[in-house]
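# Chain and residue survey
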Amino acid sequence: MIVTTNRHAQREIVPATQSRARVSAIGARSFLLEAPGDFDLAAQRRIWALSRTVKGWAELAEDIPGMTNLLVIFKETPEDPDAVVVRLLEAWEHAQSIDLEGKIIEIPVHYGGEHASDLPALCDLSGLSDREVVRIHHQATYRVFALGSAPGFGYLHGLDPRIYMPRKTVPSLKMAKGCVTIGGMQTGVAMLTGPNGWNSIGFATLEMFDPASPTPAMMAPGDTVRFLPARVEL
């Protein structure tokens, strides 16, 4: 039975449990598989493996790995959606964890200063000083799980739980491109100037997306990212 939800015409076909993936239909030709369990590297490695498997499906137009999920888009509307779901779940069950051999990216950051508009609120929430927040952020090592949201934007895993901060209920209307941000359990760098619900703690001048390049996005899934404190202004 298909359970209808009101989220972007998403129909949940197979609900998730602690050990079973969730599968939802997104429109008529697309299906989203969401990994069960924790948001972690182990789940993402299986998503990468599943992505490699489905690339061999002749009827598939595209597959898009996300944050512990995979969207598959078919060339034509499947005649038997239930068979697609079964096939997708079977592929997930047989997916062997793989790791992607990525490059190391070092991003110099100006922590604090005019662009760190949300650092005081993060200090209040965490009970940490601004210097402790900066130290915890730049000492961590991050992995790029997926790209999305904006051209070249990398969703990074590895943020220390001590500095998790919920996304804003009211976004900043004009956050600058290059702001180093925290949103929930993730961190990243704003690719565009505009509305943004993440929390800014610094600024990076490194250009991470060049549309004229053969590989426009600097980041790719599997890459390792380190933030370097080029300047600290607190």
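Bear in mind the structure is a predicted one, so any value in this text is a computation, not a measurement.

Procedures and definitions
- Residues numbered from 1 in each chain as written.
- Predicted model: local features only at pLDDT ≥ 70, side-chain atom pairs only at ≥ 80, totals over all residues.
- Heavy atoms only, no water.
- Helix = DSSP H or I, 4+ residues; strand = E, 2+ residues; numbered from the N terminus.
- Rg over C-alpha atoms; globule rule 2.2 N^0.38 Å.
- Buried < 20%, exposed > 50% of the residue type's maximum accessible area, 1.4 Å probe, protein only.
- Contact = heavy atoms within 4.5 Å.
- Areas by Shrake-Rupley, 256 points an atom, 1.4 Å probe, with all protein chains shown as cover.
- Lys, Arg positive; Asp, Glu negative; His and termini not counted.
- Charge placed at Lys NZ, Arg CZ, Asp CG, Glu CD.
- Salt bridge = Lys/Arg side-chain N within 4 Å of Asp/Glu carboxyl O.
- Pairing = 2+ DSSP bridges.
- Core = buried A, V, L, I, M, F, W, Y, C linked by side-chain atoms within 4.5 Å.
- Expected span 1.5 Å × (residues − 1).
- Axes fitted to C-alpha atoms, helices over the stretch in contact; angles between N-to-C directions.
- Parallel < 35°, antiparallel > 145°, perpendicular 65-115°, else oblique.
- Left-handed = near helix turned anticlockwise from the far one by under 90°.
- Polar contact = N/O pair within 3.5 Å; in protein donor to acceptor, adjacent residues only side chain to side chain.

## Structural notes on the overall build of the chain
Across its full length, the chain holds four helices and 15 strands. For a compact globule of 234 residues, the expected C-alpha radius of gyration is about 17 Å, and the chain comes in at 19 Å, within 12% of that figure. Viewed in the frame of its principal axes, the chain has a C-alpha envelope of about 60 × 35 × 30 Å. When each of the 234 residues of the chain is scored for burial, the buried share is 45%. The long-range share in the chain, meaning contacts at least 24 apart out of those at least 6 apart in sequence, stands at 59%. Accessible area for the chain stands at about 12100 Å²; split by element, carbon and sulfur atoms hold 53% of it. Here the chain contributes 22 positive and 26 negative side-chain charges, whose respective centroids are spaced 2 Å apart.

## Remarks on the pattern of salt bridges
Under the definition given, this model contains 10 salt bridges. Note that D99 is salt-bridged to R45, the shortest N-O span being 3.1 Å. Taken together, the residues D99 in the loop between α2 (81–94) and β7 (104–112) and R45 in helix α1 (residues 41–54) connect sequence positions 54 residues apart. The closest approach of N and O atoms between K55 and D63, which form a salt bridge, is 3.0 Å. Overall, K55 belongs to the exposed group, its relative accessible area being 57%.

## Focus: the pairing of strand β12 (residues 186–189)
The two faces of the sheet receive side chains in turn, since in a regular strand these alternate between them. Of the two faces of β12, the one lined by Q186 and G188 and the one lined by T187 and V189 are each fully buried. In terms of strand pairing, strand β11 (residues 179–183) meets β12 through four bridges, oriented antiparallel. Note on β12: the bridge partner recorded for V180 is V189. Counting the residues between successive antiparallel strands, the hairpin from β11 to β12 contains two residues, one of them, G184, with a positive phi of roughly 65 degrees.

## So, the nonpolar core
L33, I107, V225 and F227 are the most contacted members of the largest nonpolar core, which has 62 residues in total. A total of seven residues in this core trace back to one element, the largest contributor, which is α1. When sequence neighbours within four positions are dropped, the list of residues in contact with I107 reads V189, A204, L206, M208, M219, V225, R226, F227 and L228. Counting residues in hydrophobic clusters, the runner-up holds five residues, among them M175, C179, A190 and F203.

## Re α1
With 14 residues, α1 extends 20 Å from end C-alpha to end C-alpha; this agrees with the ideal 20 Å at 1.5 Å per step. Turning to α1, its buried residues are L41, A43, Q44, I47, W48, A49, L50, S51 and V54. Looking at the buried side of α1, the elements it contacts are β4 (30–34), β5 (60–65), β6 (69–74), α2, β8 (142–147) and β9 (154–157).

## Details of the packing of α1 against α2
Packed helix pairs are specified by the crossing angle of their axes together with the interaxial distance, meaning the distance between the axes. Axis separation between α1 and α2 bottoms out at 9 Å; the angle between their running directions is 125 degrees. With respect to their mutual orientation, α1 and α2 come out oblique. For α1 against α2, the interelement crossing comes out right-handed. Of α2, the residues touching α1 (which contributes A43, R46, I47, L50, T53 and V54) are L88, A91, W92 and E93.

## Considerations on the environment of N199
Note on placement: N199 falls in strand β14 (residues 199–203). According to the relative accessible area criterion, N199 is buried, its value standing at 3%. Taking the C-alpha atoms as reference, N199 lies 36 Å from L89; in sequence the two are 110 residues apart. Setting aside its immediate chain neighbours within four residues, N199 contacts D118, M165, P166, R167, K168, V180, T181 and I182. For N199, the side chain forms a polar contact with the main-chain oxygen of P166, separated by 3.0 Å.

## Overview of the side chain of T181
With respect to the helices and strands, T181 occurs in strand β11. The contact partners of T181, leaving out residues within four places of it in the chain, are M175, Q186, T187, G188, V189, W198, N199 and S200.

## Structural notes on the pairing of β8
Where burial is concerned, most of β8 is hidden: five out of the six residues are buried. Where β8 and strand β15 (residues 224–233) come together, two bridges link them in antiparallel fashion. In the strand pairing of β15, Y142 is matched with V225. Of the pairings in the sheet, the one linking β8 to β9 comprises four bridges and is antiparallel in character. Bridged to R143 within β9 is H157. Here β8 hands over to β9 after six residues, with S149 in that stretch at a positive phi of 70 degrees.

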